[in-house]
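Here are the chains, one letter per residue:
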Amino acid sequence: AAPAGAQPPRRVGISSNDRCCGRRRCSTTGAAPMGCAGYAAVALAASLPACVGLLLSQLPHPPIAPLRPPEGPGTCSAPGQPLQDLHAVEGACFFSPGYAQARAAFLAAAEEAGLATRSLEVVPGALFQDVAVRPGRGALASSWLVHMSGTHGAEGYAGSAIQLATLKYLAHNVSSDAEDLATLVFVHAVNPYGFATGRRVNEDNVDINRNFLTPEQDREVRTRGDVSGYDQLDWLLNPSKLPFNNLLFNDVSMYATGLAVTLMKGFVTMKRAIVTGQYHKPEGIGFGGLGRTRSVSNLIALAAELSPPPPPPPRGPPAPPPSRS
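A quick note: this is a predicted structure, and the numbers were derived from the prediction, not measured.

Quick notes on the side chain of N238
Point 1. Relative to the helices and strands, N238 is located in the loop between helix 8 (234-237) and helix 9 (247-265).
Point 2. Given a relative accessible area of 17%, N238 falls into the buried group.
Point 3. Side-chain polar atoms of N238 contact the side chain of Y230, separated by 2.9 Å.
Point 4. Setting aside its immediate chain neighbours within four residues, N238 contacts Y230, K281, E283, G284 and I285.

This is the structure in structure tokens:
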């Protein structure tokens, strides 16, 4: 029996308000939880800055002067002029306006730097992964530097610019006659389709970053089902139709709905569903593919070709220990 004057134990359950915020208890102070309507109001208030930004972006504004020089990518310095300090060169000099221009600049810079190039076809006759290799030698021959750009297509602009700047620096500042050189491998446009179209995914809607799987991992992800709660949020992540005919209204609706669901379900739940990826809905976001993509297969074959061969196994039985007699 409870002692006289003792307070009865407080029941800790899951009320409708608790479910609304995605936790067993929304409040640890004993105060009443806010409720779904309150969280929706907070979400709408939190989305106001984004909405204002979207509205301002629709206002007319004077044209922005192009950062890129008219000569094209990589031409900010005179031919043959050493790039002694890359920080002193305008970074925009190495950016290209699109995939085709970036590819041409990369191949030209690789040739200028004395690197051997090859092209790996991804979309037949149209889109390629371009590879530039400088074999190492001497004491540094076993040291490798591998740089890849454009795994997510829209990131290809920055990655290509970094590669172009590095190749320009190598061409004018690093002697190819040095006794000790590390092996350099540049892969331009891992995802050429995404680079050419400004999309994160490849030509099959695959996020290539989630496609580098071993055969064992590939079998595991196809049998594990929905482990991240992706299907529960499919209506939000992959809407079948847009609520409005106006792009601005759709953007505002997306921000507000996403914030409201995040507050109700919890940030961890939303993040897990989005970043974990999935392998069962080819038309959905975060799709990791049904088997290896052409881009990944190309890179795995390239790595096997360029990797040094393993040392040969010892021949014959081991020699017997010397006799002590």
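Comments concerning the pairing of strand 1 (residues 116-123)
Point 1. Note: strand 1 against strand 2 (residues 127-134), seven bridges, orientation antiparallel. Paired with A116 across the two strands is V133, which belongs to strand 2.
Point 2. Hairpin connection of strand 1 to strand 2: three residues between the antiparallel strands, including G125 at a positive phi of 75°.

Some details on the sheet that holds strand 3 (residues 144-148)
Point 1. Taken in spatial order, the four strands make up an open sheet running 1-2-4-3, and their pairing is mixed. Pairing within the sheet leaves two strands with one partner each, and these edge strands are strand 1 and strand 3. Here the strands of the sheet are splayed against their neighbours by 15° on average, with no regard to which way each runs.
Point 2. Packing of helix 4 (residues 99-112) onto the sheet brings it into contact with strand 1, strand 2 and strand 4 (183-188), and relative to strand 2 it is tilted by some 20°.

A closer look at the nonpolar core
One recurring pattern in soluble globular proteins is that nonpolar side chains are buried together.
Point 1. The biggest cluster of nonpolar side chains holds 15 residues, and the ones touching the most others in it are F94, L115, A132, L167 and F186.
Point 2. Where this core is concerned, the elements lending two or more residues are helix 4, helix 5 (156-173) and strand 4.
Point 3. With five residues, the top contributor of residues to this core is helix 5.
Point 4. Once you skip the residues sitting within four places of it in the chain, F186 turns out to touch F106, L115, D130, V131, A132, H147, Q163, T166, L167 and L170.

What counts and what doesn't
- Residues numbered from 1 in each chain as written.
- Predicted model: local features only at pLDDT ≥ 70, side-chain atom pairs only at ≥ 80, totals over all residues.
- Heavy atoms only, no water.
- Helix = DSSP H or I, 4+ residues; strand = E, 2+ residues; numbered from the N terminus.
- Buried < 20%, exposed > 50% of the residue type's maximum accessible area, 1.4 Å probe, protein only.
- Polar contact = N/O pair within 3.5 Å; in protein donor to acceptor, adjacent residues only side chain to side chain.
- Contact = heavy atoms within 4.5 Å.
- Pairing = 2+ DSSP bridges.
- Axes fitted to C-alpha atoms, helices over the stretch in contact; angles between N-to-C directions.
- Core = buried A, V, L, I, M, F, W, Y, C linked by side-chain atoms within 4.5 Å.

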